[in-house]
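Chains, contacts and geometry: an overview
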Amino acid sequence: MRGCAGTELLLAGLLLAGCGGSPVQSIPALQCDGVANTVLAVGAHLVLDLTGSNGCLRLPAAPAGGTEHLVVAVSANGTETLNGVAAGFTLMARPDTFAPPALRLPARTAGPEIEDPAADFHAMLRARDRERAPEVRRALAGLRAARLTVPPQVGDQRSFQVCRTDACTGFVAVSATARYVGTRSAIFLDDVVPTGGYTTQDLDAIGLLFDQQLHPIDTLAFGSESDIDGNGVVVVLLSDQVNALSPQCAKTHSIIVGYFYGAADLDPSDPNSNHGEVFYGIVPDPSKPTCFSKSFVQAHLGPVFIHEFQHMISYNHHVLQGGGAAEETWLNEGLSHFAEELGGRLVTPGSCMAGNCMAQFARGNVGNAYDYLSDPAAHFLVEAGKSTGTLAERGANWLFVRWLLDRSPTDPILGTDLTRRFEGADQPGGTVLTGSANVVAVAQIFDANPSFAQLLGEWHLANWATALPGFSEPSARLLYTSWNLPLAFTQIGLVPYPLRPDSTDGADYTLQGTLRGGSGSYLRLVQSSLTPAVAVGLYTGNPAVLMPRVAVVRLR
C-alpha cells in the first residue's frame with residue numbers, strides 16, 4: 001500500500017486519517033443554510049468547488065415523473081507527489097431538512113491495491129528517468145566523444161549492460177550479435193539464448209514491423225526520437241536476461257516483456273550506460289511455456305515496442321530538447337498505452353497475430369480500464385511518483401488520455417494535433433510542461449479556458465454517462481466518441497459494465513473512505529415523482545491538498 005500525503009486532520013467535526021486508514025466515525029452535520037439550489041436541465045452538468053457553500057450541494061424537489069442525477073466526489077489535485085495525494089472523505093445525502101444526520105450505512109474503505117510486478121518495474125524506470133534528467137543533460141552537454149556516423153552491420157558484435165533484477169539495482173553484461181539492420185532499427189540477439197527461439201525470418205519480421213509501421217505511427221503521433229550515438233537507428237536487444245526479470249511469472253502472471261531506460265542509456269557518464277537509444281525484449285524459451293512460449297513472445301513484442309518508443313520520444317522532447325523533467329508517470333503511461341491503441345488501429349492486418357491488430361495491441365488497455373472502472377475510488381489516476389504500478393491505474397491513465405483525445409477538433413480518433421502538443425513535437429525546444437499543467441495547455445486546442453478540475457470532473461461523469469443508452473448532452477463532453485466501452489468490454493468477455501455507483505433516493509446516505517489523486521467516488525441520486533429536495537455534503541481531510549470537487553450531471 002502507498003504512504004499517505006498528510007497527517008490526521010480535524011475538519012468540521014470530522015477526524016480522518018490522511019493516509020486513507022479507517023476513519024473515526026464522527027459524522028459532520030450538513031449546513032446548507034443560504035446555499036442556493038443547483039438546477040440543471042436534462043443533460044447539463046457542472047463541476048463545483050463547494051468550499052464556499054459549507055461543502056453542500058442542494059438539488060431541488062423532483063418534478064412529476066422524477067429525476068436522476070449522478071454526483072461524483074473527485075480529488076482534483078493533478079500534482080504527482082512521491083506517495084500520491086490521498087485523504088479521507090465523507091460523502092452524504094439527506095432530505096433537505098438540515099437536521100444532524102444519523103449514520104445509517106456502514107463505513108466503507110477501499111480494498112487493497114493489487115500490485116503488478118511488470119507495471120511496478122516500468123513505473124520505477126519512469127521515476128528514475130524523472131529523477132536523473134538534470135544529470136543526463138549535463139553529461140550530454142559535456143560529451144566530446146566521437147559519434148558514430150553509420151548504423152551497425154549484420155554480424156557486428158557488442159556487449160550490453162542489462163538490468164539484473166526487476167529493481168534494476170545491478171546490471172549484467174550480455175554479449176549479442178546484430179541479426180537484423182534496417183532503416184530505423186538494428187536487432188541484436190543475445191549470443192546465448194534457449195534453443196527453439198527466434199529464426200532469421202522471425203527477426204526480420206520484427207525489424208520490418210518496427211521500421212515500416214511502428215516507427216512511422218509513433219513519430220507521426222509524438223515526434224522524433226533522439227540519436228545521441230549518431231547511428232541513425234534504434235537498437236533492440238533481445239535477451240533471456242530480460243526473461244530473468246520476471247522470475248515469478250508463472251505465479252504472478254505478470255511478465256516484463258521489454259523496457260526502455262533513458263536515465264541510464266542516454267547518460268554517457270553512467271558506468272552502465274549503453275550510450276544510445278536501446279529497447280530490450282524477451283526471447284522464446286520452450287522450457288518455460290507458461291511464460292515465454294514463442295506465440296506469446298511474438299504477440300507481445302509489437303505492443304511493447306510501440307509503447308516503449310513513446311517513452312523514448314517523450315524523453316527526447318521533455319528532457320534532451322526541452323531541458324526539463326521527464327513527463328510525469330501517469331500521463332507518460334497514458335500516452336504510451338494510447339500508442340498501443342494506435343498500433344491496433346493503424347498496423348496493417350497482415351502484420352498482426354491472427355490478423356486482429358486491435359486484439360493484439362489494445363486488448364490489454366480495455367482490460368485495464370475495466371479493472372479501474374470496477375472500483376475507481378480504490379485507485380489513483382495521478383499515481384504516486386514511486387507508484388507500485390497497478391494495471392488498474394494504467395487503465396485510468398489510458399481512459400483519461402483517450403477521453404481527452406476524443407475532444408480533438410480535427411481528428412477525434414487519432415488525436416494527432418493533441419498528442420504532438422503533449423510532447424512539444426513541433427517546437428525546436430520541445431516542452432517543459434508535464435502532468436496536469438501539460439493537460440491544461442493541450443486542452444486549449446478545444447477549450448478556451450480549461451482547468452484540470454473541470455476536465456477531470458467531466459471525465460468522471462463520462463465514465464458513467466457513456467454507458468447510458470440514449471444519453472446526450474449539448475457539449476458531447478460526457479461521452480467517449482472513439483470507443484463504445486460497454487461493447488468493447490463485452491467483446492473480451494467482461495460483463496456487465498463495471499462502474500456501479502451507489503444509489504439513494506435522497507434518504508439518509510453516508511459513505512466514508514479515501515479519496516485519491518485524480519480519482520473519485522460515484523453516487524446516483526434517483527428521486528421519484530414529486531419527492532422533496534436533497535442536500536449532498538462532501539467533507540474531506542486536508543482539502544487544501546486534496547482539492548475536492550463535486551461533478552454533477554442531470555441524467556433525466
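Everything numeric here is computed off the predicted structure, so don't read it as measured data.

For Asp-229, the position within the fold is in the loop between helix H3 (200–222) and strand E10 (234–238). Classification of Asp-229 as buried rests on a relative accessible area of 9%. Spatially, the C-alpha atoms of Asp-229 and Glu-277 are 7.8 Å apart, while their sequence positions differ by 48 residues.

The strand order across the open sheet formed by five strands is E3-E17-E5-E15-E13, and the pairing between neighbours is mixed. Each having just a single partner strand, strand E3 (45–48) and strand E13 (502–504) make up the two edges of the open sheet. Taken pair by pair, the neighbouring strands of this sheet meet at an average axis angle of 20 degrees, ignoring direction. Note: strand E5 (residues 67–75) against strand E17 (residues 548–554), seven bridges, orientation antiparallel. Each bridged residue has a counterpart across the sheet, and for Ala-73 the counterpart in E17 is Val-550.

Take the state of the cysteines next. If you walk through the whole model with that rule in mind, you get four disulfides. Here Cys-249 pairs with Cys-291 through a disulfide, and the sulfurs are 2.0 Å apart. Its torsion about the S-S bond being 105 degrees, the disulfide of Cys-249 and Cys-291 is classed as right-handed. In this pair, Cys-249 sits in helix H5 (residues 249–252) while Cys-291 sits in helix H7 (residues 289–292), placing the two residues 42 residues apart along the sequence. For Cys-291, a relative accessible area of 4% gives the class buried.

Contact geometry for helix H9 (residues 329–346) and helix H10 (residues 357–374): axes closest at 7 Å, N-to-C directions at 145 degrees. For H9 against H10, the interelement crossing comes out left-handed. Residues His-337, Glu-340, Glu-341, Gly-343, Gly-344 and Arg-345 of H9 pack against Cys-357, Met-358, Phe-361, Ala-362, Asn-365 and Asn-368 of H10. Within the contact of H9 with H10, the residues separate by chemical class into four nonpolar, five polar and three charged.

Moving on to the packing of helix H12 (residues 416–423) against helix H13 (residues 435–443). At a closest axis distance of 9 Å, the pairing of H12 and H13 adopts a crossing angle of 140 degrees. It follows from the interaxial angle that H12 and H13 lie oblique. Once H12 is placed against H13, the crossing between them reads as right-handed. Here Leu-418, Arg-421 and Phe-422 of H12 lie close against H13, whose contacting residues are Asn-438, Val-439, Ala-441 and Val-442.

On to the nonpolar core. One finds Leu-238, Tyr-259, Phe-400 and Trp-459 to be the most contacted residues of the largest nonpolar core, which totals 126 residues. For this core, the leading source of residues is helix H8 (residues 294–321), giving 10 residues. Grouped together as the second largest cluster of nonpolar side chains are 23 residues, Leu-40, Ala-87, Leu-511 and Leu-546 included.

Before going further, it helps to examine H9. Its 18 residues give H9 an end-to-end C-alpha distance of 25 Å, which sits within 8% of 26 Å, the value for a rise of 1.5 Å per residue. In terms of residue burial, H9 counts as a mostly covered element, since 16 of its 18 residues are buried.

What follows is about the sheet that holds strand E16 (residues 534–540). Ordered by their spatial adjacency, four strands build an open sheet running E4-E16-E6-E14, and the pairing between neighbours is antiparallel. Both edges of this open sheet fall to strand E4 (56–59) and strand E14 (509–516), since each of them pairs with a single strand only. Between one strand axis and the next, the sheet turns through 20 degrees on average, direction left out of account. Note: E4 against E16, four bridges, orientation antiparallel.

A few words now on the confidence of the model for the protein chain. Overall, the predicted model of the protein chain reaches an average pLDDT of 88, with 89% of residues at or above 70. Here residues 1–25 scores under 50 on pLDDT; set against residues more than four positions off or in separate chains, the count is 65 contacts. Counting contacts from residues 98–110, a segment whose pLDDT is below 50, to residues more than four positions away or on other chains yields 35 contacts.

Right, let's talk about the environment of Phe-380 for a bit. With respect to the secondary-structure elements, Phe-380 resides in the loop between H10 and helix H11 (391–405). Judged by its relative accessible area of 2%, Phe-380 is buried. Separated by 16 residues in the primary sequence, Phe-380 and Ala-396 have C-alpha atoms spaced 7.8 Å apart.

Before going further, it helps to examine unusual backbone geometry. That bond from Val-495 to Pro-496 is cis: its omega, -5 degrees, falls within 30 degrees of zero. Note on placement: Pro-496 falls in the loop between helix H15 (485–491) and E13. The phi torsion at Ala-476 lies on the positive side, around 60 degrees, for a residue other than glycine. Here Ala-476 shows up in the loop between helix H14 (452–465) and H15. Assessed through its relative accessible area of 28%, Ala-476 is described here as partly exposed. Non-glycine residue Met-547 carries a positive phi angle of around 50 degrees. Note that Met-547 resides in the loop between helix H16 (543–546) and E17. A relative accessible area of 35% means that Met-547 is categorised as partly exposed.

The buried count for E10 comes to five of five residues, which makes it a mostly enclosed element. Across five bridges, strand E9 (residues 185–190) lies against E10 in parallel orientation. Considered in E10, the bridge of Phe-188 is made with Leu-237. Remark: the E9/H3/E10 crossover connection has left-handed handedness. With four bridges connecting them, E10 and strand E12 (residues 278–281) associate as parallel partners. Each bridged residue has a counterpart across the sheet, and for Leu-238 the counterpart in E12 is Gly-281.

Criteria and cut-off values
- Residues numbered from 1 in each chain as written.
- Predicted model: local features only at pLDDT ≥ 70, side-chain atom pairs only at ≥ 80, totals over all residues.
- Heavy atoms only, no water.
- Helix = DSSP H or I, 4+ residues; strand = E, 2+ residues; numbered from the N terminus.
- Buried < 20%, exposed > 50% of the residue type's maximum accessible area, 1.4 Å probe, protein only.
- Pairing = 2+ DSSP bridges.
- Axes fitted to C-alpha atoms, helices over the stretch in contact; angles between N-to-C directions.
- Disulfide = S-S within 2.5 Å.
- Left-handed = near helix turned anticlockwise from the far one by under 90°.
- Contact = heavy atoms within 4.5 Å.
- Nonpolar A, V, L, I, M, F, W, Y, C, P; charged D, E, K, R; others polar.
- Parallel < 35°, antiparallel > 145°, perpendicular 65-115°, else oblique.
- Core = buried A, V, L, I, M, F, W, Y, C linked by side-chain atoms within 4.5 Å.
- Expected span 1.5 Å × (residues − 1).
- pLDDT = per-residue confidence, 0-100.
- Right-handed = clockwise from strand over helix to strand, strands pointing away.

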